[in-house]
Amino acid sequence: MAKPNSDDFTSKRHNSFHWTRKVGSDENDDVSSHNPLPDSTKPLPKHNPSSSSTVITPKRKLQSFAVSRLRSVIASLSSRARPGSNSSGLGSRVVGTLFGSRRGHVHFSVQKDPTSPPAFLIELATPISGLVKEMASGLVRIALECDKSKEEGGGENGDRRRRGGGDKTKVAIPRRLVEEPMWRTYCNGKKCGFATRRDCGEKEKKVLKALEMVSMGAGVLPETEETSVGGGGGGDIMYMRAKFERIVGSRDSEAFYMMNPDSNGAPELSIYLLRI
């Protein structure tokens, strides 16, 4: 009987081993293909940012539209609450005009531009001849002071708004600074009576209309019956017009500095509005 060869036996064992391992792996592949993973073991789907943006973007657009709509409503209500007030159109550069009859009082007008109606017009107790002398001697500082009303004097009470619809009592809206009717006047530290806010009447309109083409300078206009201003009348109308720089410190303080290129940086005329 022939003795079996050990090498043949060993090769058969190796071939049997490799075949068994290959068959086992194929069976596992078949099982995995026919038996998918349960839901708990499935990989989570990737986050798609486009799907979430399609939901969030309309909400953001709706919120921004609502906010803009609310702001426009508030702005329209505030403009209706103050009819005839155009001081909100003033910027940092305005046109200031001092005018009055020779034997009359000084009028001070503030305009956005020479063709626009005055946003602020007051009549000072100072004669225009006295103001001319003060300006010839040096720098002039005019301070106009007024008192806060009772509705505004309480600090937080002045800004309080009623809540609820039960009480329909109207709440007083604080005046703008340029809407104050009466002012105490100080010229270079000396008290000079009172200044009064004026509406732009026909005579003032005629004067400002005649000065539309004047951007800067001083002069005299011949007085007529239509342009006679100044509380006393008589004589020609003296005027001085210049660009003013407007500085707003708070809702209770503003300043107007005359811009003169020949003054070496120092304004010859400064007017201060203070509510104390």
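In this text, all values refer to a predicted model and were calculated from it rather than measured experimentally.

Caption draft 1: Examining helix H5 (residues 202-210) more closely. Taken as a whole, H5 has its buried residues at Glu 204, Val 207 and Leu 208. The buried residues of H5 occupy an angular sector of 95° when the element is viewed end-on, so they sit on one face. Across H5 from its buried face, at more than 90 degrees, point the exposed residues Glu 202 and Lys 209.

Caption draft 2: Structural detail: the environment of Thr 97. Tracing the backbone shows Thr 97 in strand E1 (residues 93-101). A polar side-chain atom of Thr 97 sits 2.9 Å from a polar atom in the side chain of Arg 241.

Caption draft 3: The arrangement of helix H3 (residues 128-137) in detail. All of the buried residues in H3 are Ile 128, Leu 131 and Met 135. Each buried residue of H3 sits inside an arc of 55° when the element is viewed along its axis, so together they form one side. Exposed and oriented more than 90 degrees from the buried face of H3 are Lys 133, Ala 136 and Ser 137. Once H3 ends, the next one or two residues include Gly 138, with phi positive near 160°.

Caption draft 4: Quick look at the packing of aromatic side chains. This structure, assessed with the given rule, holds 4 aromatic pairs. Judged by centre distance (6.3 Å) and plane angle (75°), the ring pair of Phe 120 and Trp 183 falls under edge-to-face. Note that Phe 120 is positioned in strand E3 (residues 120-127) and Trp 183 in strand E5 (residues 182-187), a separation of 63 residues in sequence. Each of the two residues, Phe 120 as well as Trp 183, counts as buried. The interplanar angle of 85° and the centroid separation of 5.8 Å between the aromatic rings of Tyr 257 and Tyr 272 together place this pair among those described as edge-to-face. A residue pair is termed long-range when its members are at least 10 positions apart, and Tyr 257 in strand E9 (residues 253-259) and Tyr 272 in strand E10 (residues 269-275) qualify at 15 residues. What makes Tyr 257 partly exposed here is its relative accessible area of 26%. Within the aromatic cluster, the residues linked to one another by ring pairs are Phe 108, Phe 244 and Phe 256.

Caption draft 5: Just the pairing of E3, in detail. Where burial is concerned, most of E3 is hidden: 6 out of the 8 residues are buried. Of the pairings in the sheet, the one linking strand E2 (residues 105-111) to E3 comprises 5 bridges and is antiparallel in character. Counterpart to Phe 108 in the pairing with E3 is Ile 122. Strand direction decides the pairing type here: E3 and strand E6 (residues 190-197), joined by 2 bridges, are antiparallel. Each residue of the ladder has a partner; that of Glu 123, found in E6, is Thr 196.

What counts and how
- Residues numbered from 1 in each chain as written.
- Predicted model: local features only at pLDDT ≥ 70, side-chain atom pairs only at ≥ 80, totals over all residues.
- Heavy atoms only, no water.
- Buried < 20%, exposed > 50% of the residue type's maximum accessible area, 1.4 Å probe, protein only.
- Helix = DSSP H or I, 4+ residues; strand = E, 2+ residues; numbered from the N terminus.
- Arc of directions from axis to C-beta.
- Polar contact = N/O pair within 3.5 Å; in protein donor to acceptor, adjacent residues only side chain to side chain.
- Phe/Tyr/Trp six-rings, centres within 6.5 Å; stacked < 30°, edge-to-face > 60°.
- Pairing = 2+ DSSP bridges.

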